[in-house]
Amino acid sequence: MGIDDLIVLAKNSGVTTIAVTDHDCQAGTVRAEIIGRRYGITVIPAVEFSATDSKRGSKAHILCYLPDRPERLEGLCKSNSLLRKRAGQLMAAKVARKFPVSTEFISKCCQGSTNIFKQHIMQALMECGYTTSIFGDLYKMLFSKESRMNVLMEVTYPSPEEIIDAVHEAGGIAVLAHPGFYDNFELLDELIAAGKLDGIEVYHPENTPEQQEMLLKKAKKNGLVVTGGSDFHGGFNAYPVKLGEYGPDEDEVAALMAYKAKK
């Protein structure tokens, strides 16, 4: 969904404050701030960085909110984006060898995006009649680690610690995104113990109610900010999620906005 449409959707949905956290890219949040002012929507500058937790062999996402010097994050955005782009191109090429769909057509399906994501590949296959949904049996066959026919290209991103250091260097607030999604609970405890982390994304569709309660207690105990979001991807969500369906309350948003001054 384009930024303009996203802001209008927020307005029509009664969402007054939003953070656009594109993966390894800040262009969307810059445009969102401009469009947001037209519609009276407060846009919090943010970006979501990909990281690799090599100790546990898993992925992790680090959110950066309110960077004072966002230009210092552009190098990291570019390098992470390049890693993702190469992997996307290789996966598209593998799919093109399995199905009579060209890599050029797959590229057309990701117009407006900075990269080729798995969902774009699935959209191309859906439009060519090989499936009726993005997330289904064909998706599992191509992108599940357990599938012998998968076309996955694993990417090694910088460590969470490296990402957090870069966020702090840019004057941003570092938050561990959706710990329940990648089972990042051990990583979370390590980052808290090291004094690295500023906050936890407590409210998220992939965090169970029990996990949210536990994360909320952990955040309060350690003086960390509480954030949350719907992780809205429009038609590319794996399940129905409405914009603004998940998120912090007004006091928690205020605490995020005042965090740097308080610190």
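Residues numbered from 1 in each chain as written. Predicted model: local features only at pLDDT ≥ 70, side-chain atom pairs only at ≥ 80, totals over all residues. Heavy atoms only, no water.

**Q** Describe the pairing of strand S4 (residues 58-65), with residues and values.
**A** S4 sits mainly inside the fold: 7 of its 8 residues count as buried. Here 8 bridges tie strand S3 (residues 46-53) to S4, and the two strands are oriented antiparallel to one another. Each bridged residue has a counterpart across the sheet, and for Ser50 the counterpart in S4 is His61. The hairpin formed by S3 and S4 contains 4 residues between the paired strands, and Gly57 there has a positive phi angle of roughly 65°. (Buried < 20%, exposed > 50% of the residue type's maximum accessible area, 1.4 Å probe, protein only. Helix = DSSP H or I, 4+ residues; strand = E, 2+ residues; numbered from the N terminus. Pairing = 2+ DSSP bridges.)

**Q** Help me get a handle on the packing of helix H8 (residues 185-193) against helix H9 (residues 209-221), residues and values and all.
**A** Two numbers describe a pair of packed helices, the interaxial angle and the distance between the axes. In the contact formed by H8 and H9, the axes pass within 13 Å of each other and the chain directions differ by 5°. Classified by the angle their axes make, H8 and H9 are roughly parallel. Where H8 abuts H9, its residues Phe185, Leu188, Asp189 and Ile192 lie against Gln211, Met214, Leu215 and Lys218. Its residues assigned to classes, the contact of H8 with H9 comprises 5 nonpolar, 1 polar and 2 charged. (Axes fitted to C-alpha atoms, helices over the stretch in contact; angles between N-to-C directions. Parallel < 35°, antiparallel > 145°, perpendicular 65-115°, else oblique. Contact = heavy atoms within 4.5 Å. Nonpolar A, V, L, I, M, F, W, Y, C, P; charged D, E, K, R; others polar.)

**Q** For the packing of helix H3 (residues 74-98) against helix H5 (residues 118-127), give the residues involved together with the corresponding values.
**A** Two elements in contact, H3 and H5, have axes separated by 10 Å at closest approach and are oriented at 25°. Comparing the axis directions of H3 and H5 gives the class roughly parallel. Crossing angle aside, the handedness with which H3 passes H5 is right-handed. Facing Gly88, Met91, Ala92 and Val95 of H3, the residues of H5 in contact are Lys118, Ile121 and Leu125. For the contact of H3 with H5, the residue count by class is 5 nonpolar, 1 polar and 1 charged. (Left-handed = near helix turned anticlockwise from the far one by under 90°.)

**Q** Before we move on, could you go through the environment of Gln119 and cite the residues and values that matter?
**A** Following the sequence through the fold, Gln119 ends up in helix H5. Along the backbone, Gln119 and Glu154 are 35 residues apart, and their C-alpha atoms lie at a distance of 16 Å. Other than its neighbours up to four places away in sequence, Gln119 contacts Ile134, Phe135 and Phe236.

**Q** Describe unusual backbone geometry, with residues and values.
**A** At Asp24, a residue that is not glycine, the phi angle is positive and equals roughly 55°. Summarising the element assignment, Asp24 is placed in the loop between strand S1 (17-19) and helix H2 (27-39).

**Q** Pulling in residues and values, what's your account of the sheet that holds S3?
**A** Strand order in the open sheet made by the 5 strands is S3-S4-S5-S6-S7, with mixed pairing throughout. At either end of the open sheet lies a strand with only one pairing partner, and these are S3 and strand S7 (225-228). Along the sheet, successive strands turn relative to each other by an average axial angle of 35°, direction set aside. In the packing of H9 onto the sheet, contacts are made with strand S6 (199-203) and S7, and the angle to S6 comes to roughly 150°.

**Q** So what about the nonpolar core? Which residues, and what values?
**A** Phe49, Ile163, Leu188 and Ile200 are the most contacted members of the largest nonpolar core, which has 28 residues in total. Setting aside residues up to four positions removed in sequence, Phe49 forms contacts with Asp24, Ala60, His61, Ile62, Cys64, Leu73, Leu76, Cys77, Asn80, Ile163 and Val167. Counting residues in hydrophobic clusters, the runner-up holds 20 residues, among them Ile116, Ala124, Val151 and Leu152. (Core = buried A, V, L, I, M, F, W, Y, C linked by side-chain atoms within 4.5 Å.)

**Q** I'd love a proper account of the environment of Phe236, names of residues and values included.
**A** Note on placement: Phe236 falls in the loop between S7 and helix H10 (250-262). Sequence spacing of Phe236 and Lys118 is 118 residues, and the spatial spacing of their C-alpha atoms is 9.6 Å. Residues contacting Phe236, with those up to four places away along its chain left out, are Gln119, His120, Gln123, Ile134 and Phe135.

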